[in-house]
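# Structural overview
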Amino acid sequence: MSISSSIKSIQDIMRKDVGVDGDAQRIGQLVWLLFLKIFDDREMEWELLDDHYKSPLPEKYRWRDWAADPEGMTGEELKSFIDNELFPGLQNLDANARKPAAYVVRSVFEDAYNYMKSGQLIRQVINKIQVGVDFNRAQERHAFGDMYEQLLRDLQNAGNAGEFYTPRPVTEFMVRMVDPKLSEKVMDPACGTGGFLTCTIEHKRERYVKTAEDERTLQVSIHGVEKKPLPHLLATTNMFLHGIEVPNQIRHDNTLARPLISWGPKERVDCIVANPPFGGMEEDGIETNFPAAFRTRETADLFLVLIMHLLKDGGRAAVVLPDGFLFGEGIKSRIKEKLLTECDLHTVVRLPNGVFNPYTGIKTNLLFFTKGRPTREVWFYEHQYPAGVKNYSKTRPMRVEEFKVEEAWWGSEADGFASRQANEFAWKVSLEEIKARNWNLDCKNPHVGEQVNHDPAELLAAFAKKQEGIAQLREQLKAALAEALERDA
């Protein structure tokens, strides 16, 4: 049976369990089991390579001891062991252990949860994994990577859990355009399931890794932080699947919870590729970690301020942001002023509707910038649907090949993108013009005539913007009237 068939039959078993409710829980349950199986496979490999290797896990918590035997624990005994011994044991591994692998396992299980209620069904799932997944077979490793990518796509359809997954064509394009070099430190401060980081690993291996020493350099150059337990578990497992031996650089934390000033020069990075969660609000108090001029509870705005801070001078970034950021005023305007005066925002790729369906229909943009020099002009490129496509969907998703047009047009940052030409989808706007627009980056394509917009999300956003303007005018009128009354008195 193929790996994908095995995974499908495992998920069918899970659907019978009353404790597993929906795709996100099922995938979370499956992945912590896969993580322990893959970790055990890796330990077998390390034991062969190192006669002195010692597992950071107590023997009874190793997959081979409690799970591998198909006639082993089952029913209530298995359920009780997982809930009362395995999880507490892994969650309380010595945090100060010298072995980075102990830190990885502990952080993965810190907030993980066993959703399944039936010990008999858990045994059936474990037996399927034991037979169907052997991570030490090279040919299976590649097939398993493809299957895992499909699992992550399934997660995109699992309600709010989709916020952690950026479509593969978008991540690949962004990484290719940023082009992280071998020794450059790459970070995603809101890494979700690890898509940008796995694309970076593949990019570096394909272009720059030639020797075993190069591979060691790659291993320590990838860094990510994820706040929520499920995507952190998915990202850590994803790193294993992409050959990161001990992915202790994928931290379970909230990067926004640290005061901005506490990120020192040694923590600066060369490249950031990220899709910070947008549309959400941070908990009270998080905004006080930022300078007063940029205090907001809007998650994506705070992340952009953090990203600018974390980049070294000359560091490069590619960030996904919603349309609302481009035209937003107030604090958003101040953030954009900082972005355009401290960084060179050289390119904005405007994506069409549906890229992040079904999680959100909000239109998004890819912002590419380099820190350390001010912007002189911003190039905009309007990404087009393929011929015959009016929207992306589960059955007709975005494809990697679609970005070949932008790549052919892109040019080189080394010569200031001298080869770029304006066309029906590409245009540039000077810093002076953007400044005169109060830093509004919602620059429409000048080659397209005024069009009637029927998109509900955009119409609602425009309505909200008008309402905001009306409210400001109302406050100004009230202030003027109060002042006039005071004078007359």
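Before reading further, recall that the structure is shown in the block above.
Here's what I pulled together on the structure shown here. (Residues numbered from 1 in each chain as written. Predicted model: local features only at pLDDT ≥ 70, side-chain atom pairs only at ≥ 80, totals over all residues. Heavy atoms only, no water.)

## Observations regarding the overall build of the protein chain
- Counting secondary structure elements, the protein chain contains 17 helices and 9 strands.
- The buried share of the protein chain, taken over its 489 residues, is 52%.
- Within the protein chain, contacts between residues at least 6 apart in sequence are counted, and of these 75% link residues at least 24 apart.
- When the accessible surface of the protein chain is summed, it comes to about 22900 Å², and 52% of that surface belongs to carbon and sulfur atoms. (Helix = DSSP H or I, 4+ residues; strand = E, 2+ residues; numbered from the N terminus. Buried < 20%, exposed > 50% of the residue type's maximum accessible area, 1.4 Å probe, protein only. Contact = heavy atoms within 4.5 Å. Areas by Shrake-Rupley, 256 points an atom, 1.4 Å probe, with all protein chains shown as cover.)

## Observations concerning the pairing of strand β6 (residues 343-350)
- With 8 of 8 residues buried, β6 lies mostly within the body of the structure.
- Pairing between β6 and strand β7 (residues 364-371): 7 bridges, direction antiparallel. Paired with Arg350 across the bridge in β7 is Asn365.
- Strand direction decides the pairing type here: β6 and strand β8 (residues 377-382), joined by 4 bridges, are parallel. Bridge pairing in β8 places Val348 opposite Phe380. (Pairing = 2+ DSSP bridges.)

## A short note on the environment of Pro446
- Looking at the element boundaries, Pro446 is found in the loop between α16 (431-436) and α17 (456-488).
- With 18 residues separating them along the chain, Pro446 and Lys428 place their C-alpha atoms 9.7 Å apart.

## Structural notes on the side chain of Thr236
- Within the fold, Thr236 resides in helix α11 (residues 229-241).
- Overall, Thr236 belongs to the buried group, its relative accessible area being 1%.
- Not counting chain neighbours up to four residues away, the residues in contact with Thr236 comprise Phe35, Val104, Val108, Pro247 and Ile250.

## Observations concerning empty space enclosed by the protein
- Using the criterion set out here, one finds 2 cavities of 30 Å³ or more in the structure.
- Approximately 30 Å³ is the volume attributed to the second largest cavity.
- Lining the second largest cavity we find Glu149, Leu152, Tyr165, Thr166, Arg168, Thr171 and Gly195. (1 Å grid on protein atoms, 1.4 Å probe; cavity = no way out; pocket = protein on both sides within 12 Å on 5 of 7 lines; lining within 4 Å. Points joined across faces, edges and corners; volume = space filled by probe spheres on them.)

## Considering the sheet that holds strand β3 (residues 250-252)
- As summarised here, the arrangement of the 9 strands in space is β3-β2-β1-β4-β5-β7-β6-β8-β9, forming an open sheet in which the pairing is mixed. Edge strands, defined here as strands with exactly one partner in the open sheet, are β3 and β9 (426-430). Between one strand axis and the next, the sheet turns through 15° on average, direction left out of account.
- Sheet topology note: the strand β2 (residues 222-226)/β3 ladder contains 3 bridges and is parallel. (Axes fitted to C-alpha atoms, helices over the stretch in contact; angles between N-to-C directions.)

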